[in-house]
Amino acid sequence: MVPALERVVVRAPGKINLSLMVGDVDARGYHSLATVFQAVDLYETVTATRARTLSLEVTSEVPGDLPLDGRNLALQAAELLRAECALDVGAALHIHKQVPIAGGMGGGSADAAATLVALDRLWGTGLGNEQLRELGARLGADIPFAMLGHTALGRGNGTDLTTVLTHGEWTWLLAVPGGHLSTPEVFQKFDEISLATGRVLPEQPELDERQLQALSGANLELLADTLHNDLQVAAFALHPGLELVVESAERLGAPAALVSGSGPTIAVLVEDEVQARSIAAGLMRDGLVENCLVARGSAPGASVLEES
Ligand code: C5P
């Protein structure tokens, strides 16, 4: 145990998947993955203040609702840490959101990651990064990455992480089409489509190695060529209109666009912010999306902003 604090502020980034290769399901019903995560500079900021009981408040720069009860990942993270360390303490949690809600960008995972890091300091449990990542992995496959940040290769269920060398910065237009998709439903649809088309899923899927070269060599054209999401076909099947957003972004000049994670946010790779704004204007004008955000990757993982 280390000395406890009164107030801790931690922020954690949202992510996109530059590759998402999906393999077979394991005994727990989780699919094996080979994925490349990239953290972007849209952050969830969690302020944790000492209190007798656990409570949660949310403010948001993005539209949409999220549960404030036991289904909320930040509250689940707090309960898990409290139980794991057998503590009888509370905290008032405030989350300020910048990551699109239920959009496939890991916003809920970032909330949980930031909460674990903040409460570890607030409560003085001193677990450290590795144990916190292990706790996070029990709650959700994207939580360990929100702690690590930058660009990383994820294997296993996406929780077995290795940092990837990158050069330069990448600019993304995040096109938010409205509506949301449930991750388990997208994986289920993916399984249905694989079965119907006779696709045999590998035990451990492989990445396109050229993507790692593109990232280390700051090669935008090669990165555009290698962006791939196996879940995209399932997201298209469940969300009418999504395919048109990808097609339109590319027609408007984007080097490439793809569904982010399980969707429905579309990550559009762009040359720069000027191109991002012009494509965003086109997508908004055609009524294809509700909202557009510009973000840069990679961004750091969960980090403490203030503590007292
Ligand atoms: O871990 P997370 O909360 O992101 O996962 C939500 C659901 O997505 C899981 O319950 C599972 O149905 C599906 N999933 C999967 N394989 C993964 C990650 C998630 O099938 N590697």
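Rules used throughout
Residues numbered from 1 in each chain as written. Predicted model: local features only at pLDDT ≥ 70, side-chain atom pairs only at ≥ 80, totals over all residues. Heavy atoms only, no water. Helix = DSSP H or I, 4+ residues; strand = E, 2+ residues; numbered from the N terminus. Rg over C-alpha atoms; globule rule 2.2 N^0.38 Å. Buried < 20%, exposed > 50% of the residue type's maximum accessible area, 1.4 Å probe, protein only. Contact = heavy atoms within 4.5 Å. Lys, Arg positive; Asp, Glu negative; His and termini not counted. Charge placed at Lys NZ, Arg CZ, Asp CG, Glu CD. Near = heavy atom within 4 Å. Polar contact = N/O pair within 3.5 Å; in protein donor to acceptor, adjacent residues only side chain to side chain. Areas by Shrake-Rupley, 256 points an atom, 1.4 Å probe, with all protein chains shown as cover. Nonpolar A, V, L, I, M, F, W, Y, C, P; charged D, E, K, R; others polar. Domains from an automatic or database assignment. Phe/Tyr/Trp six-rings, centres within 6.5 Å; stacked < 30°, edge-to-face > 60°. Expected span 1.5 Å × (residues − 1).

Examining the overall build of the protein chain
A tally of regular secondary structure across the protein chain gives 10 helices and 12 strands. Relative to a compact globule of 308 residues, whose C-alpha radius of gyration would be 19 Å, the protein chain shows 19 Å and is just as compact. Seen along its three principal axes, the alpha-carbon backbone of the protein chain occupies a region of about 55 × 45 × 35 Å. Looking at the protein chain as a whole, 52% of its 308 residues qualify as buried. Counting only contacts in the protein chain whose residues sit at least 6 apart along the sequence, the fraction spanning at least 24 positions is 78%. Averaging the locations of the 20 positively and 39 negatively charged side chains of the protein chain gives two centres separated by 5 Å.

Quick notes on the site of the ligand
In the vicinity of the ligand, the residues found are Gly29, Tyr30, His31, Leu33, Gly140, Ala141, Asn157, Thr183, Pro184 and Phe187. Interatomic distance of 2.9 Å between a backbone N/O atom of Ala141 and an oxygen atom of the ligand. At a separation of 3.3 Å, a nitrogen atom of the ligand approaches a polar backbone atom of Asn157. When the free accessible area of the ligand is taken as 450 Å², the share hidden by the protein chains comes to 77%. Per-class residue counts for the shell around the ligand are 5 nonpolar, 5 polar and no charged. Each of two domains, domain 1 (7-164) and domain 2 (170-297), supplies a minimum of three residues to the shell around the ligand.

A short note on the packing of aromatic side chains
Considering all chains together, one arrives at 1 aromatic pair under this definition. Here Phe37 and Phe145 contribute two aromatic rings whose centre-to-centre distance is 4.6 Å and whose plane-to-plane angle is 10°, an arrangement assigned as stacked. Linking Phe37 in strand β2 (residues 31-51) with Phe145 in helix α4 (residues 143-148), this pair joins segments that are 108 residues apart in sequence. For Phe145, a relative accessible area of 1% puts it in the buried group.

Topic: helix α1 (residues 73-84)
End to end, α1 covers 16 Å across 12 residues, agreeing with the expected 16 Å (1.5 Å per residue, within 8%). Contact partners of the buried residues in α1: β3 (54-60), β4 (90-97), α2 (107-122) and α3 (128-139). Sitting at the amino-terminal end of α1 is Asn72, which places a side-chain oxygen 2.8 Å from the backbone nitrogen of Ala74. Just downstream of α1 lies Ala86, where phi reads positive at about 50°.

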